[in-house]
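A closer look at the structure
The primary structure of each chain is shown beneath.
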Amino acid sequence: MRNKIALTISLVGLIVLIATCVLTSSKGRLSGTTLESREAILQSQPGQYPWKILDEQVVDGYLVCSMREDPEIGIQDNEIGIAIFEILEDGKHSFVTWAKRESEEIVFSHVRFHENEYVLIFADIPSPSHAEVTFIRDDTVLESKTHELTENRVLVLPRPEDPLTVTAIYYDINGNKYE
């Protein structure tokens, strides 16, 4: 009888130890402190598949990431997107939101980081050169500018007041147009 009680206590202790290790391990894996853990966070979202983060930049305490489906793993829906992570005081990154589109499309997202509003724009094109971005309100062009591009980098622009429409035309180094 004493052996059964000792065995039961040992098994319970072992189960608690294993559960603690698993929880601690998965918590660290999804802390967002590394590129791999941020990709794991994206993959852990309901109904999602593996994403490859292409580029990251810090904007007002948030991490803005360009991403595409990882062609080496998972389903091929041929999507690209923008993911946002909040940078926490302890150095971890908390997933906030994302915007996704088919890879042939341009991804647009309007965000607010603290008191600042931005328009985020991303297109996954080969050898990008520049983008022409136009802000329109009530059929009136408010602003139209050309922005130099870096491959895989999300274009982050201050957002004019609402309501507005944003258009973007991307060009590669050969002058090919993507809209």
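Here is a short report on the structure shown in this document. On a predicted model such as this, the values are computed, not experimentally measured, just so you know.

Re the side chain of Arg38
Relative to the assigned elements, Arg38 resides in helix H2 (residues 35-43). A distance of 2.6 Å separates a polar side-chain atom of Arg38 from the backbone oxygen of Gly32. Excluding residues that lie within four positions of it along the chain, Arg38 makes contacts with Gly32, Thr33, Ile53, Glu56, Leu63, Phe85 and His93.

Looking at the sheet that holds strand S2 (residues 62-69)
Taken in spatial order, the four strands line up as S1-S2-S3-S4 in an open sheet, and their pairing is antiparallel. In this open sheet, the two edge strands, each paired with only one partner strand, are strand S1 (51-59) and strand S4 (93-102). In this sheet, adjacent strand axes meet at a mean angle of 20° when their direction is disregarded. Pairing analysis gives eight bridges linking S1 to S2, with the strands arranged antiparallel. Opposite Val58, over in S2, you have Leu63 as the bridge partner. Here H2 sits on the sheet in contact with S1, S2, strand S3 (79-87) and S4, set at roughly 115° to S1.

Conventions adopted
- Starting afresh in each chain, residues are numbered from 1 along the sequence in its written order.
- With pLDDT at 70 or above as the cut-off, local features in this predicted model cover only qualifying residues; side-chain atom pairs require 80 or more to be listed or tallied, and sums for whole chains, interfaces and linings still use all residues.
- Based on all heavy atoms of the structure, the side-chain values leave hydrogens and waters out of the count.
- Elements are defined by DSSP. Helices are runs of H or I of four residues or more, strands are runs of E of two residues or more, and each kind is numbered from the N terminus.
- Identification of polar contacts relies on pairs of N or O atoms within 3.5 Å, with a donor-acceptor requirement for protein atoms, meaning one able to donate a hydrogen and the other able to accept it, and with residues adjacent in sequence counted only if both atoms are side-chain atoms.
- Whether two residues are in contact is decided by their heavy atoms, any of which lying within 4.5 Å being enough.
- DSSP calls a pair of strands paired once it identifies at least 2 bridges connecting them.
- Axis definition: a line fitted to C-alpha atoms, over the contacting stretch in the case of helices. Angles run 0 to 180 degrees between N-to-C directions.

Coordinates in, geometry out; function isn't part of it.
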